[in-house]
Amino acid sequence: MLIERLLLSCVNTRVSLVGFDLKREAPFWYCPSTVLHACGAVYDQQALWVASDATLCRIGKESLSFVSLPGPHANYVHSVKQASDGLLVLCDTGNSRLLFFDGSVLPLSLSPLEEWERAGCRLPFDAIHVNDCLPWRDGFLVSAFSHEPFTAWKETGVPWQKAGLGCIYYLTREGKRTLARIVACGINCPHSLVLHEGDIYCCSSASGDFLQFHPDEENRLHLVKTVHVTSTHFLRGALRIDGGWILGGSSRRHAEDGGGMLLYKLADDGGCRTMIAGGTGEIYDILPWNPVLEPFCDTLEKAPDKFEDDGANPPRCHLPSEYR
């Protein structure tokens, strides 16, 4: 399928959603963050779902609805993906687990740290920075920044910010327990897991590399290709298009010159070109623009502000007629 327009889901940014035209190489629509906070996003047949903080938001053709997620910690939820028809899976980063939603939050969860909890250890908030997931084989692949859940008790700062500790888990259900296996490791802040033609791709965000893994019959992932995409941006967000990939470049936090948001068009032959996606901000997810759900733009335009405006947010944006 030829993809000519994108939907960017942005976190910690003045705009939460951005429509981007690949032909014109320019944005054509946005939703300010006064209306909605965003991190991960996914479509189903009737709505756009956006996850952020402790909330899952459903953006329908006529209204918005919000679902509060259970603790014990603040959820700090990142990605939301489709697990099957009508079933969503959320990366509950604050509680280091996957949550499942089919109209309500299910009692089932999967956690790579479940055995620690069974041993009576109360996990700290955001123990390993679980951030993305992918339905795969008999379970889920899950990316995380480290496997050191209790290091924060011994050291100051956030331990998973250290380079090269990131890993990918393969989580399955065995009876009433989660079986967690580390199937890839040594990644520098992994994000954006994608399955394409049998191989697994992900962003090594802090190093600016795009990684390709080939799985074996024992569910282990073997690194077969590394493409260095950027030294100036945090690489996160990946979408397969004809002949290559669209990857997201986020402004680096706490940098004197974090740069604006970029999109990278990475061709299969290795060529790479950049497109400006906006000012200072962070791209989290990249989805194809879905014309069937364009009424959600009207829903967001009519929705009341949910968050305070400090005067720096852009005004509401109307979807231009040529994009309907």
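Keep in mind that what you see is a predicted model, and the values were worked out from it rather than measured.

### Topic: the overall build of the protein chain
Here is step 1 of the chain: Per the secondary structure count, the protein chain includes 2 helices and 24 strands.
Here is step 2 of the chain: Against the globule reference of 20 Å for 324 residues, the protein chain gives a C-alpha radius of gyration of 19 Å, in line with a compact fold.
Here is step 3 of the chain: Along the first, second and third principal axes, the C-alpha atoms of the protein chain reach 55 × 45 × 40 Å.
Here is step 4 of the chain: Expressed as a percentage of its 324 residues, the buried residues of the protein chain come to 54%.
Here is step 5 of the chain: Counting only contacts in the protein chain whose residues sit at least 6 apart along the sequence, the fraction spanning at least 24 positions is 50%.
Here is step 6 of the chain: Roughly 14700 Å² of accessible area belongs to the protein chain as shown, and the carbon and sulfur atoms make up 51% of that amount.

### So, the sheet that holds strand 2 (residues 15–21)
Here is step 1 of the chain: What the 4 strands build is an open sheet, ordered 3-2-1-24; its pairing is antiparallel. Looking at strand neighbours, the two that pair on one side only are strand 3 (26–32) and strand 24 (282–288), the edges of this open sheet. Direction aside, the axes of adjacent strands within the sheet are offset by 25° on average.
Here is step 2 of the chain: Running over the sheet, helix 2 (residues 295–302) touches strand 1 (5–11), strand 2 and strand 3 and is turned about 45° from strand 3.

### Details of the packing of aromatic side chains
Here is step 1 of the chain: Throughout the structure, instances matching the rule amount to 12 aromatic pairs.
Here is step 2 of the chain: With centroids separated by 5.0 Å and ring planes inclined at 70°, the aromatic side chains of Phe 28 and Trp 289 adopt a geometry described as edge-to-face. Within this pair, whereas Phe 28 is found in strand 3, its partner Trp 289 is found in the loop between strand 24 and helix 2, the two being separated by 261 residues in sequence.
Here is step 3 of the chain: Accessibility expressed as a relative area gives 9% for Phe 28, which makes it buried.
Here is step 4 of the chain: Under the relative-accessibility criterion, Trp 289 is labelled buried at 8%.
Here is step 5 of the chain: Through a chain of ring-to-ring contacts, three or more aromatic side chains come together here, namely Phe 28, Trp 29, Trp 289, Phe 296 and Tyr 323.
Here is step 6 of the chain: Between the NZ or CZ atom of Lys 306 and the centre of the ring of Phe 66, over which it lies, the distance is 4.3 Å.

### A short note on the pattern of salt bridges
Here is step 1 of the chain: Taken as a whole and assessed by the stated rule, the structure comprises 17 salt bridges.
Here is step 2 of the chain: For Asp 310, the salt bridge is made with Arg 14, and the minimal N-O distance between the two is 3.0 Å. Remark: Arg 14 occurs in the loop between strand 1 and strand 2 and Asp 310 occurs in the segment after helix 2; sequence separation between them is 296 residues.
Here is step 3 of the chain: Asp 310 sits in the exposed class, given a relative accessible area of 54%.
Here is step 4 of the chain: Arg 14 sits in the partly exposed class, given a relative accessible area of 37%.
Here is step 5 of the chain: For the salt bridge of Arg 273 with Glu 25, the shortest nitrogen-to-oxygen distance reads 2.3 Å.

### A few points about the nonpolar core
Here is step 1 of the chain: In terms of nonpolar packing, the biggest core is built from 24 residues, with Leu 17, Trp 29, Leu 48 and Phe 296 touching the most fellow members.
Here is step 2 of the chain: Looking at this core, the elements that each hand over two or more residues are strand 3, strand 4 (41–43), strand 5 (48–52), strand 6 (55–59) and helix 2.
Here is step 3 of the chain: The contact partners of Trp 29, leaving out residues within four places of it in the chain, are Leu 7, Leu 17, Val 18, Gly 19, Trp 289, Phe 296, Cys 297, Leu 300, Cys 317, His 318 and Leu 319.
Here is step 4 of the chain: Leu 87, Val 89, Cys 91 and Phe 150 belong to the second-largest nonpolar core, a separate cluster that totals 19 residues.

### Comments concerning unusual backbone geometry
Here is step 1 of the chain: Here the residue pair Gly 71 and Pro 72 is connected by a cis peptide bond, since its omega of 20° sits within 30 degrees of zero.
Here is step 2 of the chain: Within the secondary structure, Pro 72 is located in the loop between strand 7 (64–68) and strand 8 (80–84).
Here is step 3 of the chain: Even without being glycine, Asn 12 reaches a positive phi, approximately 55°.
Here is step 4 of the chain: Its place among the elements puts Asn 12 in the loop between strand 1 and strand 2.
Here is step 5 of the chain: Given a relative accessible area of 56%, Asn 12 falls into the exposed group.
Here is step 6 of the chain: With a phi close to 55°, His 129 is a non-glycine residue in the positive phi region.
Here is step 7 of the chain: Topologically, His 129 is positioned in the loop between helix 1 (114–118) and strand 12 (132–136).
Here is step 8 of the chain: On the basis of relative accessibility, which here comes to 5%, the residue His 129 falls in the buried class.

The rules behind these values
- Residues numbered from 1 in each chain as written.
- Predicted model: local features only at pLDDT ≥ 70, side-chain atom pairs only at ≥ 80, totals over all residues.
- Heavy atoms only, no water.
- Helix = DSSP H or I, 4+ residues; strand = E, 2+ residues; numbered from the N terminus.
- Rg over C-alpha atoms; globule rule 2.2 N^0.38 Å.
- Buried < 20%, exposed > 50% of the residue type's maximum accessible area, 1.4 Å probe, protein only.
- Contact = heavy atoms within 4.5 Å.
- Areas by Shrake-Rupley, 256 points an atom, 1.4 Å probe, with all protein chains shown as cover.
- Pairing = 2+ DSSP bridges.
- Axes fitted to C-alpha atoms, helices over the stretch in contact; angles between N-to-C directions.
- Phe/Tyr/Trp six-rings, centres within 6.5 Å; stacked < 30°, edge-to-face > 60°.
- Lys NZ or Arg CZ within 6 Å of the ring centre and 35° of its normal.
- Salt bridge = Lys/Arg side-chain N within 4 Å of Asp/Glu carboxyl O.
- Core = buried A, V, L, I, M, F, W, Y, C linked by side-chain atoms within 4.5 Å.

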